[in-house]
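Summary of structural features
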Amino acid sequence: MIFEVAPALEAPAFVYDLAGLDAHAAAVRAALPGIELYYAVKANPDPALLRVLDAHVDGFEVSSAGEHAHVSAVLPKARLAVGGPGKTDAELRLPAHRVHVESPFELRRLIGSGVSADVLLRLNLRLETTGAALTMSGPFGMDADGLAACLPLFTDTVRLRGVHAHLASGLDAPALLELASVVMAQHDEEVNVGGGMAVSYTSPGSRFDWAAYGAGLDALRRPGQVVRIEPGRALTVYCGSYVTRVIDVRRVHGEAFAIVHGGTHHLRTPATKGHSQPFTVLPTGTGPGVEDTPVTVVGQLCTPKDVLACGVRTSIRVGDTVVFGMAGAYAWNISHHDFLMHPKPGFHYLT
Ligand SMILES: *Cc1c(COP(=O)(O)O)cnc(C)c1O
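Cut-offs used in this document
- What you see as residue numbers is a count from 1 along each chain, following the sequence as written.
- Owing to the predicted nature of the model, reporting of local features is limited to residues with pLDDT of at least 70; listing and counting of side-chain atom pairs is limited to 80 or more, with chain, interface and lining totals taken over all residues.
- Computation of side-chain values covers all heavy atoms of the structure but excludes hydrogens and water.
- UniProt positions are given in the numbering used here, feature names are shortened, and annotations may be inferred rather than shown by experiment.
- One heavy atom within 4 Å of a molecule or strand is enough for the residue carrying it to be called near that molecule or strand.
- The definition of a polar contact used here is a pair of N or O atoms within 3.5 Å, where within protein one atom must be able to donate a hydrogen and the other to accept one, and adjacent residues in sequence count solely through side-chain atom pairs.
- Computed with the Shrake-Rupley method and a 1.4 Å probe, the accessible areas treat only the protein chains shown as cover for residues.
- Note on residue classes: Ala, Val, Leu, Ile, Met, Phe, Trp, Tyr, Cys and Pro are nonpolar, Asp, Glu, Lys and Arg are charged, and everything else, Gly too, is polar.
- Two rings belonging to Phe, Tyr or Trp (six-membered ring only in the last case) form a pair when the distance between their centres is within 6.5 Å. Interplanar angles under 30 degrees mark stacking, angles over 60 mark edge-to-face geometry, and anything in between is tilted.
- A simple rule labels every residue: compare its accessible area, found with a 1.4 Å probe on the protein chains alone, to the largest value its type can have, and call it buried under 20%, exposed over 50%, or partly exposed in between.
- Any Lys NZ or Arg CZ found within 6 Å of a ring centre and within 35 degrees of that ring's normal is scored as a charge over the ring.
- Domain boundaries shown here were taken from an automatic or database domain assignment.
- Buried area, as used here, totals the accessible surface that two parts lose on assembly, with accessibility defined by a 1.4 Å probe and the loss added over both.
- Here a salt bridge means any side-chain nitrogen of Lys or Arg lying within 4 Å of a carboxyl oxygen belonging to Asp or Glu.
- Secondary structure elements follow DSSP: runs of H or I no shorter than four residues count as helices, runs of E no shorter than two count as strands, and numbering proceeds from the N terminus.

The protein has the name Type III PLP-dependent enzyme in an unreviewed UniProt entry, where Nonomuraea mangrovi is given as its organism. Check the Cofactor (unreviewed entry) section of the UniProt entry for the protein; it says "pyridoxal 5'-phosphate". Recorded under Sequence similarities (unreviewed entry), the UniProt text for the protein is reproduced unchanged: "Belongs to the Orn/Lys/Arg decarboxylase class-II family."

See the structure below:
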């Protein structure tokens, strides 16, 4: 569908396949019997995506007052969990189904604020996470000492519900399940084992094994125990495309470059992850080009970092339409839109 509409679009533009997202989210939901599913809004807060996801998730994880206000405006009835490593007093007072508390000091501030709250304590586990793209060590959450310091503080109005452990980013189902089993062996209260399900930008057709993960979590779950996950990227990444058009094709010192409309100020993902964003070239152009050659696709920014894909073998010519896939998460919303003051992309929704 995207390849049918892309040639007619003014470029650059983001296209979101809402029907595809709906089907994907339904399949994920179906693979998680008895497991609660939250969506981590920071992956992509686009209102149209949130409305589609709302039919399939139990709630949303927000990490700032801004995300809280945004989701509350789009979906006034949504259940929200408030996370984030450094919450302000105002953020601690936001109405929430759960507050993911990061430290004993934050818990004291929450109690001192006088609000009523249901808390998950965020754990920082030193676990083996070979293969993870990003392990969540560093400042996130608390170690065993922090946990022990929190336990005596709870009151009638600020209640301990369980623990939260966003374990790592970019793990496959068996690896993520192994980490979850460590947490769930130690905690029989409510657990949120986070997001971080792997997506592969080098093989866009592969998918996280939701069925294995769901069955594995269900097997670890104690009777009556609430087990929740909060994926971001693996839910929305596949539904987004960034459509652009080739302005120039040139060789510099033998290396072939295609310069396209837009760039990493719209789609920063390949720059942050250091990968080639997967793309398809639609032959809409008639200008000069190269045939079956390694090509580096760059945007319009005056910086050598504006690389969307590096040395990928393709045929490409001026006027061709380039459709970058896997642009539905950590793409537009993490990009530095105002750098160089180029026009903003269009946004289109396939239903
Ligand atoms: C970023 C984040 C997520 C989502 O991670 P993905 O890799 O997008 O699935 C979930 N929970 C927390 C606490 C996060 O910081």
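Notes on the site of the ligand
For the ligand, the set of nearby residues contains 14 residues, the closest of which are K42, G196, E230, R233 and Y330. G232 places a polar main-chain atom, nitrogen or oxygen, 2.9 Å from an oxygen atom of the ligand. When isolated, the ligand has an accessible area of 380 Å², and the protein chains bury 92% of it. For the shell around the ligand, the class distribution of residues is three nonpolar, six polar and five charged.

A short note on the packing of aromatic side chains
Taken as a whole and judged by the stated rule, the model has 12 aromatic pairs. Note on F14 and Y16: the rings are 6.3 Å apart at their centroids and 20° apart in plane angle, and the pair reads as stacked. Each member of the pair, F14 together with Y16, is buried. Taken together, the ring pairs connect F14, Y16, Y242, F279, F324, W332, F347 and Y349 into an aromatic cluster. Here the basic side chain of R228 rests over the ring of Y38, its NZ or CZ set 4.8 Å away from the ring centre.

Section: the domain arrangement of the protein
Along its sequence, the protein is organised into domain 1 (2-12 + 238-350) and domain 2 (18-237). For domain 1 and domain 2, the distance between their C-alpha centres works out to 33 Å. Both faces considered, domain 1 and domain 2 share a buried interface measuring about 1,700 Å² in area, 59% of it formed by carbon and sulfur atoms. When residues of domain 1 are sorted by the area they lose upon contact with domain 2, Y238, M326 and Y330 head the list and together hold 42% of the total. Where domain 1 packs against domain 2, one counts zero salt bridges. At the surface where domain 1 touches domain 2, the tally comes to 12 residue pairs in polar contact (both at pLDDT 80 or more). Among the elements of the structure, helix 11 (269-273) and strand 18 (346-350) are those that each provide at least two residues to the side of domain 1 that touches domain 2. Split by residue class, the side of domain 1 that touches domain 2 holds nine nonpolar, seven polar and one charged.

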